[in-house]
Amino acid sequence: MIDTPRAGQYEVVPADSPLAAPADAAPRPVRTREYLMCPPEHFAVEYAINPWMHPEQPVDAELAVKQWDGLRETLTRLGHPVHVLDPQSSLPDMVYAANGAFVVDGTVYGARFRYQQRRAEAGYHRAWYLANGWTDFHIPEHTNEGEGDFAYLPAVPGVGGVVLAGYGFRTAIAAHAEAQEALARPVVSLHLTDPRFYHLDTALASIDDSTIAYYPGAFSAASQRVLRQLFPDALLADEADALAFGLNLVSDNRHVVLNSTATGMVAKLAARGYEPVPVELTELHRGGGSVKCCIAELRR
Ligand code: ARG
């Protein structure tokens, strides 16, 4: 047994650790995902609702579209169908499609955005789900920003499906109870305390059915303890990993698609036997997001 790493400590996985992938390990099986994305045709940084956004700094709109295309093509090449939501000219943050809803086993828990600038996005997401046969749609009463603040682990040992939910900046804690009633899965509330990591998906990611990666420093001391108790084998990211948006990733159980500047996370994932797939998303970084923010997962 190895010691559970302490919060904030840089994780090193020694070759003889039970967490390290054996050199001759068979490739991890791929679980085919289904995704929803929205092209950044109207992407711009026109207001600041998180510390990453600087409206005075120009965004290269053409490059944003090119990089987004690259992300979509990467997912398709890995075998995952990507559905596309029509962008709206009045909604420059609509490219961050993760915020539009949270879907577990065919049930959709809709979003209700915190800031007025994004509020209309929820209706476009809802219309997309209803037009595409997702009839079990819950309109929320409480503020929540979809998969930005909710993560799902389908098979936590001894428990089954578990929802992890963030609050502190965007999603109201009342939405956690509402999501639990809508989705009929236990919801674990986690308190985000660092404004740079204002959505759960900037600080925590599920990397397979029962494993998470996270940056402890983004959470309150009590929430760090909850995470250590539930996920003793988690991959711990450090501040540099999190600042490079290295936790804002999607995983198909084998491939982990993540921001190319997150080189530390690339190494840590590879040491655990995952195949990192880095993509360049510099322009979307300027809005305060990366890979995961651009992708909503559709769990049938
Ligand atoms: N500018 C957007 C906002 O502040 C970025 C959203 C990022 N999305 C995410 N899932 N973290 O709302």
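Structure first, text after, so check above.
Residues numbered from 1 in each chain as written. Predicted model: local features only at pLDDT ≥ 70, side-chain atom pairs only at ≥ 80, totals over all residues. Heavy atoms only, no water.

Q: Describe the side chain of Asp-238, and please don't skip the residues or the numbers.
A: Assignment of secondary structure puts Asp-238 in the loop between β11 (235-236) and α5 (239-243). On the accessibility criterion, Asp-238 (17% relative accessible area) is buried. Polar side-chain contacts of Asp-238 include one of 3.2 Å to the backbone nitrogen of Ala-240. (Helix = DSSP H or I, 4+ residues; strand = E, 2+ residues; numbered from the N terminus. Buried < 20%, exposed > 50% of the residue type's maximum accessible area, 1.4 Å probe, protein only. Polar contact = N/O pair within 3.5 Å; in protein donor to acceptor, adjacent residues only side chain to side chain.)

Q: Could you give an account of the site of the ligand, with specific residues and numbers?
A: Arg-118, His-199, Asp-201, Gly-287 and Cys-293 are the nearest of the 16 residues found near the ligand. Within the side chain of Asp-201, a nitrogen or oxygen atom sits 2.7 Å from a nitrogen atom of the ligand. In the complex, the protein chains occlude 100% of the 350 Å² of accessible area that the ligand would expose alone. Each residue belonging to the shell around the ligand can be placed in one class, and the counts come to 6 nonpolar, 6 polar and 4 charged. (Near = heavy atom within 4 Å. Areas by Shrake-Rupley, 256 points an atom, 1.4 Å probe, with all protein chains shown as cover. Nonpolar A, V, L, I, M, F, W, Y, C, P; charged D, E, K, R; others polar.)

Q: An account of the packing of aromatic side chains is needed here, citing residue identities and associated values.
A: Tallying each qualifying case throughout the model produces 9 aromatic pairs. A centroid spacing of 5.6 Å and a plane angle of 70 degrees characterise the contact between Phe-197 and Tyr-215, whose relative ring orientation is edge-to-face. Of the two residues, Phe-197 sits in the loop between β8 (187-191) and β9 (204-206) while Tyr-215 sits in the loop between β10 (212-214) and α4 (221-230), which places them 18 residues apart along the sequence. The residues Phe-197 and Tyr-215 share a single accessibility class, namely buried. Following the ring pairs from residue to residue traces out a cluster consisting of Trp-128, Tyr-129, Trp-134 and Phe-137. (Phe/Tyr/Trp six-rings, centres within 6.5 Å; stacked < 30°, edge-to-face > 60°.)

Q: Provide a residue-level description of the nonpolar core, including the pertinent values.
A: Residues Leu-164, Leu-204, Ile-212, Phe-219 and Met-265 are the most contacted members of the largest nonpolar core, which totals 36 residues. Of all the secondary structure elements, the ones that give two or more residues to this core are β6 (150-156), β7 (160-167), β8, β9, β10, β11, β13 (255-259) and α6 (263-271). When neighbours within four sequence positions are excluded, Ile-212 is seen to be in contact with Leu-153, Leu-164, Leu-204, Ala-205, Ser-206, Ile-207, Leu-227, Phe-231, Ala-234 and Leu-235. Within the second largest apolar cluster, 25 residues are counted, among which are Tyr-35, Met-37, Leu-281 and Val-291. (Core = buried A, V, L, I, M, F, W, Y, C linked by side-chain atoms within 4.5 Å. Contact = heavy atoms within 4.5 Å.)

Q: How would you summarise the sheet that holds strand β14 (residues 275-279) if you had to cite specific residues and measurements?
A: Adjacent strands of a sheet form backbone hydrogen bonds with each other and so pair up, either parallel or antiparallel. On the basis of which strands lie adjacent, the open sheet formed by 3 strands has the order β12-β13-β14 and mixed pairing. Here the strands that pair on one side only, and so sit at the sheet edges, are β12 (250-251) and β14. As defined by bridge partners, β13 adjoins β14 across 5 bridges and the pair is classed as parallel. Its bridge partner being in β14, Val-256 is matched across the sheet by Pro-276. (Pairing = 2+ DSSP bridges.)

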